[in-house]
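# Observations on chain architecture
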Amino acid sequence: MDGIILREELENIRGYIPGRSIEEVQEEYGLSDIVKLASNENPMPPSPKVLEAIQKAALDINIYPDALGDALRKKLSEKYGVESENIVVGNGGMEVILAMAGTIITKGDEIIMPATTFPGFGFKSSLLGGKLVKVPLNKYDFDLDKMLESITEKTKVIYICNPNNPTGKIIPKNKLKEFIDKVPKNIVVFIDEAYYYYGVKNSEYLDSVRLLKDRENLIILRSFSKSSGLAGLRVGFGLTNKKLAENFRKALGPFTVNKLAQAAAITALDDEEYLEKTVELNYKSLGIMEDFFKKNNLEYIESNANFIFVNVKQHSKIVFHELMKRGVIIRPGFQWGWDNWIRVSTGTEEETHMFIEKLKEIL
Ligand SMILES: *Cc1c(COP(=O)(O)O)cnc(C)c1O
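Conventions used here
Residues numbered from 1 in each chain as written. Predicted model: local features only at pLDDT ≥ 70, side-chain atom pairs only at ≥ 80, totals over all residues. Heavy atoms only, no water. UniProt positions renumbered as here; feature names shortened; annotations may be inferred. Helix = DSSP H or I, 4+ residues; strand = E, 2+ residues; numbered from the N terminus. Buried < 20%, exposed > 50% of the residue type's maximum accessible area, 1.4 Å probe, protein only. Contact = heavy atoms within 4.5 Å. Domains from an automatic or database assignment. Buried area = accessible area lost by both parts, 1.4 Å probe. Salt bridge = Lys/Arg side-chain N within 4 Å of Asp/Glu carboxyl O. Polar contact = N/O pair within 3.5 Å; in protein donor to acceptor, adjacent residues only side chain to side chain. Phe/Tyr/Trp six-rings, centres within 6.5 Å; stacked < 30°, edge-to-face > 60°. Near = heavy atom within 4 Å. Areas by Shrake-Rupley, 256 points an atom, 1.4 Å probe, with all protein chains shown as cover.

Another point: the UniProt feature "modified residue: N6-(pyridoxal phosphate)lysine" (unreviewed entry) in the protein. With numbering matched to this structure, UniProt assigns "modified residue: N6-(pyridoxal phosphate)lysine" (unreviewed entry) to K226. One can find K226 in the loop between β7 (218–223) and β8 (236–239). A relative accessible area of 15% means that K226 is categorised as buried. Contacts of K226, omitting those with residues within four sequence positions, involve S39, N40, N42, A194, Y195, Y198 and N306.

Shown next, in the form of structure tokens:
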């Protein structure tokens, strides 16, 4: 690579640290049973209806997909009462995040975000020369006042993850609405709702889509990876004003969502039964874990998503390795600077019990 000059910003960017794969851990530790509770995937296989739609679509994969996801956008528009022109679809929510940052952020822009949150938007912004202004949490909650105080002439975007990854907390609806209204209209409020279908079970969760019409500076992100069980297929979408959406689609280019993913997403949107089962299993698994944590005096944060953040009272690096040796993969909190905390995704009941058994051995 001698002589090829790369973007200087790359020097300060840490690449994505992936969760360990089941195959890797099986091989390294010679284990046959592995439970992966590290990436907030849906523990259920995709719904039979979705699998059928994928099989049907597969017969035509010699032909390019719908270039801009028109059929999927139409379906989304009916589902959420937003026009197709306000919607952008991508190869996973992550691609939508990257395209949005890529469209909005230029060198010197400031991005205000909580210190403990999902790093995607910040990562791309840094790559483009943006400056991340990380606001510490107020115990477990976003410090919304501090975030407002951090606004300067250079602020371009405020990133909010609701429910937040990895804390699982939501912002009470009135507070979030008030916050959005206090942000100057030339600053984008980016609300990442990858865990929407879990969060919305809490009556305090904000129905942010209803705010879109009157607030041009709002962007909402959703994903099919978690609640729809399509993480491996890659499809997500963003909702915003027409002008931004058009430019995001321009930045993304055509054909980024493959044909199988489009067919699956369209079908998944109508599959209420799968969503209900998903959410039910999720809160059952959370309940099992919470009972165990309570009995063992482990501090945890009440979750509105499909994972839980818990203080295991010893370094998460150690707990991560000890659990992995026993066939359970989780996320160590030190990656966010929470040394003694781990993030555990919800699993099937069986997987959840296995995690608890193995954690018991370690504590
Ligand atoms: C999982 C996740 C996403 C996007 O996931 P995709 O699989 O790319 O759709 C976005 N934001 C947060 C906070 C997430 O946890």
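Attention shifts here to the domain arrangement of the protein. According to the domain assignment, the protein contains domain 1 (8–45 + 273–362) and domain 2 (48–268). With centres defined by C-alpha atoms, the gap from domain 1 to domain 2 works out at 24 Å. Contact with domain 1, which involves 28 residues of that partner, is made by 31 residues of domain 2. Contact with domain 2 buries area across many residues of domain 1, yet L275, N304 and W336 alone supply 24% of it, more than any other trio. Residues K107 and E8 are paired through a salt bridge, measuring 3.0 Å at the closest nitrogen-oxygen approach. Run the count over domain 1 and domain 2 and you get 14 residue pairs in polar contact (both at pLDDT 80 or more). Listed by contribution, the elements that provide at least two residues to the side of domain 1 that touches domain 2 are α11 (272–295), β10 (307–311) and β13 (341–345).

When the UniProt feature table is mapped to this numbering, "domain: Aminotransferase class I/classII large" (unreviewed entry) covers residues 33–359. Helix makes up 39% of residues 33–359 and strand 17%, whereas the separation of the span's terminal C-alpha atoms amounts to 16 Å.

Here the structure, examined in full by the defined rule, presents 18 aromatic pairs. Residues Y196 and Y197 carry aromatic rings whose centres are separated by 4.9 Å and whose planes lie at 85 degrees to one another, so their mutual orientation is edge-to-face. Each member of the pair, Y196 as well as Y197, carries the same accessibility label: buried. Seen in terms of ring centroids, F309 and W338 are 5.3 Å apart; in terms of plane orientation they differ by 55 degrees. Their pairing is tilted. Of this pair, F309 sits in strand β10 while W338 sits in the loop between β12 (331–332) and β13, placing them 29 residues apart in sequence. On the basis of relative accessible area, F309 is assigned to the buried category, the value being 0%. The class of W338 is buried, set by a relative accessible area of 15%.

Time to look at the site of the ligand. G93, Y195, S225, K226 and R234 are the nearest of the 15 residues found near the ligand. The separation between an oxygen atom of the ligand and a polar side-chain atom of N165 is 3.0 Å. With respect to the ligand, the side chain of R234 contributes an N or O atom lying 2.6 Å from an oxygen atom. Its free accessible area being 380 Å², the ligand has 92% of it covered by the protein chains. Secondary structure elements with two or more residues in the shell around the ligand: α4 (93–104) and β7.

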